[in-house]
Each structure stands twice: as structure tokens, then as C-alpha cells.
Amino acid sequence: MNPALILALSACGAALLATCSALVLRGQTAQRISLSLLLSISGLLAIGAGFSGLIVGGGAVTLPLGLPWLPLHAEVDALGAFFMLVIGALLFPVAIYTYGYLRHEERMTPLLVFMPLFALGMMGVVLAGDALAFMLFWELMSVSSYFLVTHEHQHLENRKAGFIYLLMAHMAGLLILGSFATLYAVAGSFDFSVMREAEISPFWASIAFLLAAFGFGIKAGVVPLHGWLPDAHPVAPSNVSALMSGIMLKVAIFGFIRVVWDLMGPGDFQDWWGILVLAAGSSSAVTGVLLALQQHDLKRLLAYHSVENIGIILIGIGLAMLLAHFGHPMLAALGLIAGLYHTINHAIFKGLLFMGAGAVLHSIGTRDMESMGGLIHRMPSTAFFFLVAAVSISALPPFNGFVSEWLIFQTALLAPQMGGALLMAIVPFSAAMLALAGALAATCFVKVFGVVFLGHARSDAAENAQEVDGWMKTGMAIPALFCLLLGLLPVFFVPLMDAVPQALLHASLADSVRAYGWLWLTPVDVVHASYSAPLALIGMLIVGGLAFWWLHPKGTVIRRSRMWSCGHPHLNPRMQYNATSFSQPLRRIFSGVLQPEEHVHVERSAHKLLTTKVRYVVHVGDMAVKHLYQPVGRLTLNMARWLNKQHQHGIHTYLTWTFVTVLLLLAMFA
Amino acid sequence: MSSFAIQLLQAILLVLVAPLAVGFVATCKARLQNRRGAGVLQPYRDLRKLFAKEVVMAAHASWIFRFAPYIVFTATIMAASVIPPLLVDTPLSLTADVIALVALLALARFFLALAGMDIGTVFGGMGASREMTFSALAEPAMLMSVFVLSLGAHSTNLTTMITHTLNTPMMMQPSLAFALAAMVMVAIAENGRIPIDNPSTHLELTMIHEAMLLEYSGRHLALMEWAAQIKLVLFATLLVDLFVPWGIAVAADAAGLLLALLFWLLKLMLLFVLLAIAETGLAKLRLFEVPEYLSAAFVLAFLGLITHYMLEVGV
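Source: prediction; values computed, not measured.

Parameters and conventions
- Residues numbered from 1 in each chain as written.
- Chains lettered and ligands numbered in written order.
- Predicted model: local features only at pLDDT ≥ 70, side-chain atom pairs only at ≥ 80, totals over all residues.
- Heavy atoms only, no water.
- Patch = residues over 30% accessible without salt bridge, like charges linked within 9 Å, V, L, I, M, F, W, Y side chains within 5 Å.
- Areas by Shrake-Rupley, 256 points an atom, 1.4 Å probe, with all protein chains shown as cover.
- Salt bridge = Lys/Arg side-chain N within 4 Å of Asp/Glu carboxyl O.
- Helix = DSSP H or I, 4+ residues; strand = E, 2+ residues; numbered from the N terminus.
- Buried < 20%, exposed > 50% of the residue type's maximum accessible area, 1.4 Å probe, protein only.
- Contact = heavy atoms within 4.5 Å.
- Buried area = accessible area lost by both parts, 1.4 Å probe.
- Polar contact = N/O pair within 3.5 Å; in protein donor to acceptor, adjacent residues only side chain to side chain.
- Pairing = 2+ DSSP bridges.
- Expected span 1.5 Å × (residues − 1).
- Axes fitted to C-alpha atoms, helices over the stretch in contact; angles between N-to-C directions.
- Parallel < 35°, antiparallel > 145°, perpendicular 65-115°, else oblique.
- Left-handed = near helix turned anticlockwise from the far one by under 90°.
- Nonpolar A, V, L, I, M, F, W, Y, C, P; charged D, E, K, R; others polar.
- Lys, Arg positive; Asp, Glu negative; His and termini not counted.
- Phe/Tyr/Trp six-rings, centres within 6.5 Å; stacked < 30°, edge-to-face > 60°.
- Lys NZ or Arg CZ within 6 Å of the ring centre and 35° of its normal.

Chemist: What should I look at first to understand a nonpolar patch on the surface in this one?
Modeler: All names here are of chain A. A cluster of nonpolar residues, Trp642, Leu643, Trp657, Phe659, Val660, Val662, Leu663, Leu664 and Leu666, forms a patch on the protein surface that exposes about 910 Å² of accessible area. Elements represented by at least two residues in the nonpolar patch include exactly α27 (623–647) and α28 (651–669). Its location among the elements puts valine 662 in helix α28. Note on valine 662: relative accessible area 43%, which makes it partly exposed.

Encoded structure:
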């Protein structure tokens, strides 16, 4: 058997073992050790499976599971191997982090059972070799994550979030099932290898594409289907939020690529598919970050950033779909690589951000940014790792977020003229939206880092915060290191990913990316564009080091003094800029999109010019919830009510209905 | 002379000339306003004074506040080092293309804004909020206007882009007019000049850039000020390089380089005289008119892109 397959199946086995051990072991410490140990082993095995699958190549096997006439298949191909790598790269540090995070958790059993099952579900989806296995593990992933979202079910909001999550997950599941059913009707088999070979007509291909796009789009949190995401991700325990935002959304991206690129293939693409994906990506990127800016719940804000980053990934994939359709396989490979590069980048820095948010939550017990502040003094390591992730997600060199966004920009710029006027406008427009999203993300993370970690503590809890333990620090240090490595050495990582476009597009970038030497990343050739993160970093270290060494007087301590207060004698921490005030200019600029509800209550004393108290309340709702979720919900309720009323009638009404139905059927088929 | 040495020299030249440029603008403005002004060398005197002074930091400042000046200064220098004032063909332009250049400036701004938030004064937060908001609107406009040129040159490499402009008749590219207008608007906004921000006031309610620097003193302040001066020259050089590169040296010989130096200084002087006139003639915009100004820049750049696709591709 193939080594990648053995490693991948043992990764699944380790996760399954972790679930079982939770039921056998007694004692909190033993349970915690077994969970962290087995999950980290599972993560390491997944990383191994990913590397060996990408380098050596994968294989397929029929599992001794499933129905007698319908066995389950497992397969590791280049795409699956890459996503195994994504899963492993985050699962491993999260498992280490979990050991520290659960130290004071009182009710652990649900976490111990469902967290490994959740990981198993995600790995199963990636390894599935047929539609049946795919759907089984997909549901395992959705259902087990439901129990994780509702872990703290004593709060009403968590139960609500869990319910909407479960509902949307099943809507998604239904649509995906429809997509597979369409492919099954054409191929006559659930087996992916048969589906790949089957010839599909353009009409049915479009049906399958639409079903897959909406199904996976719901799960990935694409605007305007994203309404469940900002509710569900924050209420889960932070180690689970890291996995959900970091990997589960990527599994949906994987599913989309699997169905559209692999089972159907670039030959079936139509031009509007790429346009749809590009439009969805652009709107997700900008809407996600605009809504993120208006949040003051730290984890909710990060959840909205996941919407943004999914949008960025889809911009890369959408560009690739257009380019593949119009016969530019090399450029399509570049777009696909860019999208996939952002996939692993986002998995790593978003996982790290959620772990950092978890560390803060663990330490001060609230997610509300308005009661944080000054944590860099109390939690220096957490602050440092969070800063690394913040710089990465803001697409700033020399970290990893910049590399993938740079590659997407290159794809958009190198794209030749394709098709009509709409196409001509949408490619530069998506690049513009990417630029806007990137710049707004930087704004948002200045706000997050500034409000949470800098300035003065806004509450007693923040004043007395404690740094987290070594396990949690280690869990955060590993992805921080990955952020830097993926940012510095893309020339080694892109050729590794190259197996994916080779399999899907028969185009390879491995030679061109480092044609000019390993220091320079050159997507096509050196005349077009090149970027060298190592040289930029070395240059900055030299210049910055020289400036510091030359200017810093040796042996003196910098004099500290009180901050300047404009002569005001009593400054207090409440006077600082906070999350709401920081984003006020943007709230005003984009008020047409955000539609903030602002209320100012002024209490006046006897004289109308003398105010005693001013209270400002602002609420920014989610347009998707307001204009899509709630109307659909109301419609469903009304229909149910109507049906309910019909049930209350006497026997003659039922007979009338039966008669009308028979008449209709006769009219149709007779 | 090897091209690497020239690269190093021209980067150092740009960094050293930067205070002079700011002094020149200030003097021009003073003359336009019937004042004598402090002389073109005043920024050098200011820097010397600040470097010699003692640093005082707020009791609450963290390492972010302390290291931000170095990060801002270095990132700005790195950005400046890839822009060629004199010789087109430079090895460092391979390290970072125009997108990376914009990102390096964004890195500097990120840490500048964080330093503003670090002390926890209202001014710092206000400056950070405004700077990041406006730059979030300016940065896409900047990238879009650069992309207009990149699309023509099929490259984001500065050397290739400048060479392309040198070898293409200007009349063939109407989209460049849009790009130029957009980039001038962005350059004014990014450098905090009138009508966006006024670098010479500390009026609390309107300041943006200065609000983040209020707590800085001594060498830290000097580095921040110097970085801002470099940024001004960087943008001016970028405009000159991308849109009117004529006179820039193509080969590394002494005569060509001297001529290029002369041309560069002349073009910069002309640009700064125009800036001084504009700053004297215009009033500062209200804060919430700035987004409209920046959106206009963005729309112009985007129109440039569309024009390029419609009129220039396939011609």
C-alpha cells in the first residue's frame, strides 16, 4: 500500500482512538493527556500524509466498511494530500494548545468525544474516494461540530447559534447531495474515479456546479450565505473555533474544488461559472472585512475575517476558472496555486488568532474588546504571537499573507483579455476589491491589537490578567513560526503544491517559480515580476539593526515620564479610543452598506444647555441575516402555519384535497 | 562601477536628499506667502537637534512604541531603495516589485498606527483611526493606478515598467492620464499634505499624522520625521519615474548618471514648486470630505484600467 495512504488512514485511526479513549479513561488529567497526545499524533501523521502524497504520490484503496454492495473508498491524490497537510498543520498545534486550554474546564466529556470526531470527519471528507464516503464524513463533521458549538449550552445565544448552524449545515448537505446525485445520474456510480471519466452535458454540468457552489458556499460562509458563521464560531470553545475557522471552512473549499475541478474538470467550465465565483469572492472579501471592523466581540470579529479570507481564496480560484476556461492553463495554475496558498496561510494565521483570542478569553473571561487593553504588559508572549498573526493576515511583508495576495494580484494582472465587456471589467474589479479588503484588514487589525493589547486596561480583569501556560504558548508559537516560514520561503512551498495543478490542469509552475534562483519568487519569469522575502527581511534587519546600534546610547535607561494629557489632571482608561470609536469613520463612510442604528440619549439637568449624562448606543446588524435569513425564516413559518391550519379541517376538506390531487394527476399524465 | 554600488549610492542619495526636499517645499511656501522662511536646510538642523536630545517615553509605553520608529524608518528605506532615481536597471528592483513597495509602506503605517495606540491617549487613537481609515481607501487607489501601468508593461517590476514607458509613445496610452491623476491625488493624501492633512499644525481636531507622533521625542521622533520626509521624496520619485522617466540613465556610465541626477533634481524641484503653489492656494478639506476625495482617486484609477482594456489592448 502507498505510504501516503497508510499515514492518512493512521491519522484517522488516531483520531478515532482519541474518541474511544475519552469514553474509557477516567480522571481529568488522563483524559486531557490522551486527547492532546492522540490528536497531535493524528496531526503529525496528517502532515506526513500530505507531504508524502504531494512528493511521492498517492493511492486508493477500498475500505472494508460500508454496505455490502457499496463499499467505501479512500484515496489520497494531490488535492487530498494538500488538504491533509492543511488539516495537519493546524491540528497539531491546536492539540498542544488544547492541553493547556482545558486545564480548568469542568465539563470535558463532550469536548473529548466530539473534537476528535470532528477532526476525523474533516480528514474523512478529504480522503473520501466516493460520494457516499464523502457525505458520511461530511455529516460527521457537521454534526460533531454542532455539539462543539453548543458546548456551553446553558446560554440561550449559544443554543440559538447552534440551531441555525445545524440548519444551515443541513441545507448545505442537501445541496451537495443534489450535486452528487446529478453526477451520479450521469456516471451511474458513486465512485469518484468513474465520475471523473463520465461525459456530462453542459446543462447538467451547470446544475451540478450551481448545487455545489451554493452547498459548499453555505458551509464556507460566502456572502450572502454567511449569516450562521459569525454566530457559531465565537460561541464554541476557542480551540474548536480555531479548527472551525482554520480548517472546516477550507474543507468546504476542498469540496468545491473536488466537485467542480476534479469530478467535472476545466473542460466543462463555462465562462459564467468563473464570473460567479469571482463575484462571490469579491463581495465576501469586502463585506466580511467591513462587518469585521464594526465588531467589538473579539471572536466574532475574527469570524467575520474568515468570511473575508474565504472571499480572497475564491478570488484566486475564480480567476483560475476563467483562465482555464479561456485556455490559459499556465495562468490558471498560478491562480489555483495562489488560492491554495492563501488556503493554508489562512488556516495557520486564523488558527493562531483564535488561539490568541482563546488565551485572552481564558485569562480575563470575556470576549468584549471594550473591557480589554494593555494586555501586552500582562501577557507578552500571547501579544507577540497575536501580533505575528495580525501582521500576516494584514498581508504585510515578510509574512505569509502577503505572498498569497501577491500571487493573486499577479494572476489578475497577467490575465489577458478574455471575452466580452463584463469579463473585461470584472477581473480588474476583483483585483481592486482584493486591494480594498487587504487595506481594510490592516485597519481592522490595528484596531484589534491596539484595543486588546495596547493602551491601558479598561477593566479590573484586564488589569490583573495572567499569561497562559507553556502548552498554550507552544501551541501558538508553532503556527507563528509557520507564518514566517511560509512568508519567507514560498519558492520551496509552491513546487510542493505544484502536484495539484499538475493533476487538475496538466500545467506546472515548478520550473518557473524559482527560475531565477531560490531567493526570488517569480510566478512567470523575472521580467514580469519577482519578490524576494528573504532579501527584504535581511535588508530590513541590516538597516534597522544599524540604526538601532548607532543611535541607541549604550548603558543608559530611557527616562520614563507621565504621558501628556493636555493639562487635564484626571485621565482614565475609559477616555481611550476603543473598538467602537476606532471604526467610527468607516462606519460613517460605509453607512450605506452597513446601515448602523445609532441612538444618542442625552440627559439634561434643569437648564437645557447643561447635560449630565450622554449615552451612545450603536448596533450594526448583518445585512444577510436581515434581508435573507429572516425573510426566508418568516416565509417558512408562515407556510407551516398555513399547513397547520389545513390540518385542523374536517374530513370533507381532506377529501376535497384528495379529489383535486387526483384531478391534477389525471390532467398531467392521462 | 557595478550596478549594485550605484544602487546603494542612489538609495543613500534619496535618503539624504529627503530633508532638503521638505525644506525646499517649506521655503517655496514661505516665499509664496511673502515670508522669508527658515531656509532650505532647516529640516537638517531639526533632525540634528532631535538626534542629540534625550528620549522620554510615557511610563506605560511597551516595546511596540520603542521599536516602531526603527521599523517605520527601515520599511520606508527598503521601499525607497527599490525606486531608482538615477539608473533604471538596478538589481534591488527584483527584490520587491510595486506591489511589495506598497506593502512595505503599509507595514510602516501599521506600526506607526500601533505606536499611536500604545500610549492610550485619545490623540494617538484618533490619529491611528484616521490614518488607517484614509489609507485603507488610498491604498487600493494607489495599487489600481500602478496596475494601469503594469498592464501596459505586462510587469510589476519597476525596472521593466520604466523601460516600457521610455520606449512607448505617450499618446498611445490615454489610460496613463487617469493613472497619473489618481496617483497624484494618492501621493498628496499619503504624505499628509494639504488638502488632506496639514503637516505644520497641531490643531487637535483635524490632525492625522501628527496625532500619532505626539508622544515621541528625541531620536525616535527624528526617525519618524525623517521617514515621513523620505516618503515624500519616494512618492515624488515614483511619479517622475513612472510617468516622465525621460532623462534617467539606462547604462551605468558617469556622464549619463550625472545627467540623470540633474534631470531628477529638476523634475523634483518642479513637482515641489507645484506642491507649494497648490498648498498655498488650497484650503484643507473637512475630515469627512476626504473619503470622497479618495474615492474619486480610486474611480479615476479604475477608469484608467477600463480605458486600458478598451482602447489599448489589441491595438
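Chemist: Can you help me understand the interface of chain A and chain B in this one?
Modeler: Interface size is commonly expressed as the accessible surface area that is lost when the partners come together. Across the boundary between the two partners, chain A contributes 79 residues, which contact 77 residues of chain B. Regarding the contact of chain A and chain B, the summed buried area is about 6700 Å², with carbon and sulfur atoms giving 75% of it. For chain A, the biggest contributors to the area lost against chain B are Leu413, Arg560 and Tyr577 of chain A; these three give 10% of the whole. Applying the counting rule to chain A against chain B returns one salt bridge. In this structure, arginine 559 of chain A engages glutamate 54 of chain B in a salt bridge whose closest nitrogen and oxygen atoms are separated by 3.2 Å. Viewed at the interface, chain B and chain A are joined by 24 residue pairs in polar contact (both at pLDDT 80 or more). Here the side of chain A that touches chain B gets 19 residues from one element, more than from any other, and that element is helix α17 (residues 421–453) of chain A. Bridge count for strand β3 (residues 559–561) of chain A against strand β1 (residues 56–58) of chain B is three bridges, and the pairing is parallel. Paired with serine 561 of chain A across the strands is alanine 58 of chain B, a residue of β1 of chain B.

Chemist: Can you help me understand the pairing of strand β5 (residues 611–619) of chain A in this one?
Modeler: If a strand is regular, its side chains alternate between the two faces of the sheet. Residue and element names in this part refer to chain A. Across eight bridges, strand β4 (residues 597–604) lies against β5 in antiparallel orientation. Bridge pairing in β5 links valine 600 to tyrosine 616. Counted between consecutive antiparallel strands, the loop separating β4 from β5 contains six residues.

Chemist: Would you mind showing me how to read α27 of chain A here?
Modeler: Because an α-helix packs 3.6 residues into every turn, residues spaced three or four apart end up facing the same way. Residues and elements named next belong to chain A. The end-to-end C-alpha separation of α27 is 35 Å, in line with the 36 Å expected for 25 residues at 1.5 Å each. When α27 is considered as a whole, its buried residues turn out to be Ala624, Tyr629 and Gln646. Where α27 is buried, its residues meet α6 (156–187) and α28. Where α27 begins, one side-chain oxygen reaches toward the backbone nitrogen of alanine 624, 2.9 Å away; that side chain belongs to aspartate 622.

Chemist: How should I be thinking about the pattern of salt bridges in this particular structure?
Modeler: Between side chains of opposite charge, a pair can form when the charged atoms approach closely. Tallied over the entire structure, the rule returns 14 salt bridges over all chains. In this structure, the salt-bridge partner of aspartate 77 of chain A is arginine 258 of chain A, at a minimum N-O distance of 2.6 Å. Of this pair, aspartate 77 of chain A sits in the loop between β2 (70–75) and α3 (78–101) while arginine 258 of chain A sits in helix α10 (residues 238–264), and the two are 181 residues apart along the sequence. In this structure, the salt-bridge partner of arginine 193 of chain B is glutamate 279 of chain B, at a minimum N-O distance of 3.1 Å.

Chemist: Which parts of the structure should I look at to understand the packing of α6 of chain A against helix α8 (residues 202–220) of chain A?
Modeler: A pair of packed helices is captured by two measures, namely the crossing angle of their axes and the spacing between those axes. Residue and element names in this part refer to chain A. In the contact formed by α6 and α8, the axes pass within 8 Å of each other and the chain directions differ by 160°. As far as their axial angle goes, α8 and α6 are roughly antiparallel. At the point where α6 passes α8, the crossing takes the left-handed sense. Each of Tyr165, Met168, Ala169, Met171, Ala172, Leu175, Ile176, Gly178, Ser179, Thr182 and Leu183 in α6 lies in contact with α8, whose residues at this interface are Trp204, Ile207, Ala208, Leu211, Ala212, Phe214, Gly215, Phe216, Ile218 and Lys219. Of the residues that constitute the contact of α6 with α8, the class distribution is 16 nonpolar, four polar and one charged.

Chemist: Whenever I open this one, the pairing of strand β1 (residues 60–67) of chain A confuses me. Can you help?
Modeler: Note that β1 of chain A and β2 of chain A share five bridges and pair antiparallel. Along β2 of chain A, the bridge assignment pairs alanine 60 of chain A with glutamate 75 of chain A.

Chemist: What exactly am I supposed to notice about the side chain of arginine 458 of chain A here?
Modeler: Residues and elements named next belong to chain A. For arginine 458, the location among the structural elements is in the loop between α17 and α18 (460–463). No salt bridge is formed by the buried arginine 458, whose closest oppositely charged neighbour, glutamate 370, lies at an N-O distance of 5.3 Å. Polar side-chain contacts of arginine 458 include one of 3.1 Å to the backbone oxygen of methionine 372. Here tyrosine 577 takes part through its backbone oxygen, which lies 2.6 Å from a polar atom of the side chain of arginine 458.

Chemist: Before we go on, may I ask you to explain the packing of aromatic side chains in this structure?
Modeler: The geometry of an aromatic ring pair is captured by the separation of the ring centres together with the interplanar angle, meaning the angle of the planes. Tallying each qualifying case throughout the model produces 38 aromatic pairs over all chains. Here the aromatic rings of phenylalanine 548 of chain A and tyrosine 70 of chain B are separated by 5.0 Å at their centres, their planes lie at 75°, and the arrangement is edge-to-face. Linking phenylalanine 548 of chain A in helix α23 (residues 533–551) with tyrosine 70 of chain B in helix α3 (residues 63–81), this pair reaches from one chain into another. In this structure an aromatic cluster arises from ring pairing among Phe209, Phe256, Trp261, Phe269, Trp272 and Trp273 of chain A. In this structure, arginine 32 of chain A is placed above the aromatic ring of tyrosine 99 of chain A, and the distance from its NZ or CZ to the ring centre is 4.5 Å. Here the guanidinium or amino end of arginine 588 of chain A rests over the ring plane of phenylalanine 288 of chain B, the centre of that ring lying 3.8 Å away.

Chemist: Is there a simple way to think about the side chain of histidine 552 of chain A in this case?
Modeler: Residue position: histidine 552 of chain A is located in the loop between α23 and β3. Within the structure, histidine 552 of chain A has its side chain in polar contact with the side chain of arginine 219 of chain B (distance 3.4 Å). Once you skip the residues sitting within four places of it in the chain, histidine 552 of chain A turns out to touch Ala547 of chain A together with Arg66 and Arg219 of chain B.

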